[in-house]
Number of protein chains: 2
Amino acid sequence: MAKEIRLNAFEMNCVGHGTHGLWVHPENTRHRYTELAYWIELARLLERGLFDALFIADVIGTYDVYKGSRDTAVREALQIPNNDPFLVVPAMAAVTEHLAFACTFSTTYEPPFPHARRMSTLDHLTNGRVGWNVVTSYLPNAAANFGLDGMVKHDERYAIADEFMEVCYKLWEGSWEDEAVVRDRERGVYADPAKVHEIAHVGKYFRVLGPHLSEPSPQRTPVIYQAGTSARGREFAARHAEAVFVGGGNVEGVRESIADIRRQAAALGRDPQHVKMFPSCQIIVGRTRAEADAKRAEIQRLLSVEGMLAHYAGSSGFDLSRYQPEEYLEYRDTDHGQTSARRYTQGKRRTAREVIEAIGKLGDGTLFFTCGTPEEVADTLERWIDETGADGFNLSQHLTPRTFADVIDLLVPELQRRGRYRTSYPPGPYRERLLGPGQARLPTGHPGAVYRRAAAVAVA
Amino acid sequence: MAKEIRLNAFEMNCVGHGTHGLWVHPENTRHRYTELAYWIELARLLERGLFDALFIADVIGTYDVYKGSRDTAVREALQIPNNDPFLVVPAMAAVTEHLAFACTFSTTYEPPFPHARRMSTLDHLTNGRVGWNVVTSYLPNAAANFGLDGMVKHDERYAIADEFMEVCYKLWEGSWEDEAVVRDRERGVYADPAKVHEIAHVGKYFRVLGPHLSEPSPQRTPVIYQAGTSARGREFAARHAEAVFVGGGNVEGVRESIADIRRQAAALGRDPQHVKMFPSCQIIVGRTRAEADAKRAEIQRLLSVEGMLAHYAGSSGFDLSRYQPEEYLEYRDTDHGQTSARRYTQGKRRTAREVIEAIGKLGDGTLFFTCGTPEEVADTLERWIDETGADGFNLSQHLTPRTFADVIDLLVPELQRRGRYRTSYPPGPYRERLLGPGQARLPTGHPGAVYRRAAAVAVA
């Protein structure tokens, strides 16, 4: 049977997320990101469209690499202003029953203990519908907001991230046994002290005593997301990730990334199908080809090349304002995001002019892009899924709420007709929807599962 | 005209908050703290009762001083398990229009930059209905959860807190000018880069570059709450607090605390009436005296002395299990909570037996306690307000939702009949409700206001 296609919505608690310049479109409502109603309407829309999850990106600094200034970012609302991603989730969870929420949090600057409690709190409040997109942060300004003289080196960021994960797993999986909470009103015992444990973690970067403050939540560990595609990033994904936000814009590249991460996961003793793959994707869909093309042209016209260049500079470290048009970009193992550094150059030698032209063009080949009628788009998505081994797509938006509303109203029915999209949500927490019934908790083979305690043996 | 009495609800995202042993009562719903519905129902109840704010306490460690163990705390659900206080606010904000939310956050262990963004995010999402209860943390276990060998000393905690506040004020008040956000769709300008500033804070404890990531929220700085009543705590309150959660259980003590803090605030150039005072208070109200007494007896019967002793040990540092009954408690300037250390001893020499007896008794004189008919309770509250200079009360609960429901259904109508309680909410953000119309932002004289930038002068 052909695999069902899963859709995630890619969002951020800000005005300009990924395709800049478009906030000025009269239909675009992104300036309402500070209102609870914006998020509540979005969540209802996505649940009506049977989306798997809302994926919320985040940065904790400003894009100030381009032209050595943050001016472009501020002018174009390029991820500044931005607000905390976690705090919009509870209001959305209150008006939905199935939609999951994957929030981004960086392991580089804040301590693990309160983060673990925030994730447990959300997992409780959503009844098991949260994921955590683990990032290590690529903006130099973020380091300066946390008192550091410069960015932590790329590989050390991942070493910190590995230990951060270990602390969290110990808190989520190892601190409270399944039978710890007894709620015995007769005896006045809420929890059994013998079944609540310190974690006493002592590592290179963190020392955390515990116990975890939260009692076990439906999933314990939230579904772990990861997006890094550097060598070290893939290694991290293979070890920890249960869902990967895959970059790269052609079938071969995405297929190779997916196969590589799954191969590494298998080598670590994990079921490779326990790593779900979501390439990033932009969809423009119209009732007719002409309508789709008109939408594309309108979006292309508003796209801000300046904003896109400032974004690229901040995430990749390449400030194209400092290059001559025919000068080649020097690709290095930058401490910035390696995904972004490779984006547009794709590891090949490219001149600044070539990259700038690509950056200014919708459907530039750096991520999956499709534009057409519902039938055409569905054909393309089916092919991408079948040829890459992906499980679904992380959908970027151009206009809010139109991009997702179009997908839901026009594309989803077509995918359903083809048996490639769910017609209702299966029950259970988010991880069960990804891994199958009964799989609410981390599966055996996942590195977090080793911190679980054996069930207590009853003493006769 | 007699002053209106304001009511705050004192809550915590946990089972056992302040009066232990009561979660076993069949009507008590505190075990539902992990559900969004619990918080949504509570917020609706409090808004129906025209409460000023929901005040949410927090700790980031476990009570493990009593008998040198956390066993009592875990068994009795004494603030463990507990969940993050911020994450319940957005769902409550979505179903209310006026109720404010004051969340507790400690300045001792986490960095200021992301905290400032979390508060701004909440202030945006609630449309200006948030406060921050600034604490410095008294539990030794909290320090161990953040990699420290021991607690930071009491006075140094306050020095850190002062600098933490300075960083936050710079981010909230000084980073974005009022005119920075222009949202000019014609020119494609969301914000004017010339009006968004780095803060470039370099201090003893923190270095933060900025700019703040959030655009200005309705109140900018959330309403600042504080609860410390040590000498250093009062000094901090006089400088920063706009609302003080006052301890102490007799009229003279509360009046003296209030007068002292207001005197210090005035000496610092603040309007002393800009520091609102909320003594903690427990109310048991019944339709008749007999009904009220029956409620009191039922609660007294369930009160867990063991739980109260464990709470006292963790917050004060006095482990009464280590004292002989007739041994006197040695009152020291402990690094634990000085408020709590003084609670029950009130600075006087007391034997362990005397303190244990007080701890086990409802209405023990350590905080305002009143039990009676609506008329009797209203008489008492009026007297306390008029004799102490307080502005309202922070109401503890014994049973959820009954304690607040009784106050709202029985006491509030009586106070309204006397003209001592609002009959509808005035419009505007939380700070306007405290300070008056037009006062959404920090008033002149508050130390945070000095970081505000002068309005830009238009160039002709």
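These notes cover the structure that comes with them. (Residues numbered from 1 in each chain as written. Chains lettered and ligands numbered in written order. Predicted model: local features only at pLDDT ≥ 70, side-chain atom pairs only at ≥ 80, totals over all residues. Heavy atoms only, no water.)

Things to note about the overall build of chain A
When helices and strands are tallied, chain A shows 15 helices and 13 strands. The C-alpha atoms of chain A give a radius of gyration of 22 Å, which matches the 23 Å a tight globule of 460 residues would have. If one aligns the C-alpha atoms of chain A with their principal axes, the spans along those axes are about 75 × 55 × 45 Å. Sorting the 460 residues of chain A into buried and exposed places 65% on the buried side. (Helix = DSSP H or I, 4+ residues; strand = E, 2+ residues; numbered from the N terminus. Rg over C-alpha atoms; globule rule 2.2 N^0.38 Å. Buried < 20%, exposed > 50% of the residue type's maximum accessible area, 1.4 Å probe, protein only.)

Quick notes on the packing of helix α4 (residues 112–125) of chain A against helix α6 (residues 154–174) of chain A
Residue and element names in this part refer to chain A. Interaxial distance between α4 and α6 falls to 10 Å at its minimum, and their mutual angle equals 50 degrees. As far as their axial angle goes, α6 and α4 are oblique. Pair α4 / α6 crosses with right-handed handedness. Across the interface between the two elements, P112, F113, H115, A116, M119 and S120 from α4 touch F164, V167, C168, L171 and W172 from α6. (Axes fitted to C-alpha atoms, helices over the stretch in contact; angles between N-to-C directions. Parallel < 35°, antiparallel > 145°, perpendicular 65-115°, else oblique. Left-handed = near helix turned anticlockwise from the far one by under 90°. Contact = heavy atoms within 4.5 Å.)

Brief notes about the interface of chain A and chain B
The interface of chain A with chain B comprises 79 residues on the first partner and 79 residues on the second. Roughly 6,500 Å² is buried in total at the junction of chain A and chain B, and carbon and sulfur atoms are behind 59% of that figure. Linking chain A to chain B there are 10 salt bridges. Between R70 of chain A and E198 of chain B there is a salt bridge, and its shortest N-O distance comes to 3.1 Å. Of all the elements in the fold, those that place two or more residues in the side of chain A that touches chain B are α1 (36–48), α2 (71–76), α3 (89–94), α4, α5 (140–145), β5 (181–184), β6 (189–191) and β8 (207–208) of chain A. For the side of chain A that touches chain B, the element with the most residues is α4 of chain A, which contributes 8 residues. Here the residues of the side of chain A that touches chain B sort into 42 nonpolar, 19 polar and 18 charged. (Buried area = accessible area lost by both parts, 1.4 Å probe. Salt bridge = Lys/Arg side-chain N within 4 Å of Asp/Glu carboxyl O. Nonpolar A, V, L, I, M, F, W, Y, C, P; charged D, E, K, R; others polar.)

Observations regarding the relation of the copies chain A and chain B
By a simple turn and slide, chain A fits onto chain B: the slide is 0.0 Å along the axis, the RMSD is 0.0 Å, and the turn is 180 degrees. Here the symmetry operator amounts to a two-fold rotation axis. Within chain A, A91 of chain A has its C-alpha nearest the rotation axis, a separation of 2.1 Å. Here 100% of the interface residues in chain A have copies in chain B that are interface residues too; the copies meet face to matching face. (Least-squares fit on C-alpha atoms with pLDDT ≥ 70 in both.)

Observations regarding helix α14 (residues 402–417) of chain B
Residues and elements named next belong to chain B. The end-to-end C-alpha separation of α14 is 22 Å, in line with the 22 Å expected for 16 residues at 1.5 Å each. Residue L411 marks the point of greatest curvature in α14, where the axis turns by about 40 degrees; the proline P413 follows within four residues. Summarising burial for α14: 12 of the 16 residues are buried, a large majority. For α14, every residue scored as buried is listed here: R402, T403, F404, A405, D406, V407, I408, L410, L411, V412, E414 and L415. At its buried positions, α14 is contacted by β1 (6–12), α1 (36–48), β11 (276–285), α9 (289–302), α13 (374–388) and β13 (392–396). (Expected span 1.5 Å × (residues − 1). Bend = angle between axes of the 7 residues up to and from the residue.)

Examining the environment of L42 of chain A
Residues and elements named next belong to chain A. By secondary structure assignment, the location of L42 is in helix α1. Along the primary structure L42 and R234 are separated by 192 residues, whereas in three dimensions their C-alpha atoms are 31 Å apart. Beyond its immediate sequence surroundings of up to four residues, L42 is in contact with E11, L54 and F404.

Here we look at the pattern of salt bridges
Residue and element names in this part refer to chain A. Here the structure, examined in full by the defined rule, presents 88 salt bridges over all chains. Two residues, R441 and D178, come together in a salt bridge whose shortest N-O distance is 3.1 Å. Of this pair, R441 sits in the segment after α15 (430–435) while D178 sits in the loop between α6 and β5; the two residues are 263 residues apart in sequence, bridging distant segments of the chain. On the accessibility criterion, R441 (27% relative accessible area) is partly exposed. For D178, a relative accessible area of 54% corresponds to the exposed category. Residues participating in the shared-partner salt-bridge network are D379, E382, D386, E414, R417, R418 and R420.

Topic: the pairing of strand β3 (residues 100–106) of chain B
Residue and element names in this part refer to chain B. With 7 of 7 residues buried, β3 is to be regarded as a mostly interior element. Side-chain alternation along β3 places A100, A102, T104 and S106 on one buried face and F101, C103 and F105 on a second face that is also buried. Looking at chain direction, β3 and strand β4 (residues 130–135) are connected through 6 bridges and run parallel. From the neighbouring strand, F101 faces β4, where its bridge partner is V130. Considered for its hand, the β-α-β crossover made up of β3, helix α4 (residues 112–125) and β4 is right-handed. (Pairing = 2+ DSSP bridges. Right-handed = clockwise from strand over helix to strand, strands pointing away.)

What to know about the packing of aromatic side chains
Using the criterion set out here, one finds 44 aromatic pairs over all chains in the structure. An angle of 70 degrees between the planes, with centres 5.9 Å apart, marks the rings of F146 of chain A and F113 of chain B as edge-to-face. Here F113 of chain B lies in helix α4 and F146 of chain A lies in the loop between α5 and α6, a pairing that spans two chains. For F146 of chain A, a relative accessible area of 14% corresponds to the buried category. (Phe/Tyr/Trp six-rings, centres within 6.5 Å; stacked < 30°, edge-to-face > 60°.)

A few points about the packing of helix α13 (residues 374–388) of chain A against helix α14 (residues 402–417) of chain A
Residue and element names in this part refer to chain A. Relative to each other, α13 and α14 sit at 60 degrees, their axes nearing to 9 Å. In terms of orientation, α13 lies oblique with respect to α14. Of the two possible hands of crossing, α13 and α14 adopt the one that is right-handed. When α13 is examined against α14, the residues P374, E375, V377, A378 and L381 are found in contact with a partner set consisting of L410, L411, E414 and L415. Looking at the contact of α13 with α14 residue by residue, the classes come out as 7 nonpolar, no polar and 2 charged.

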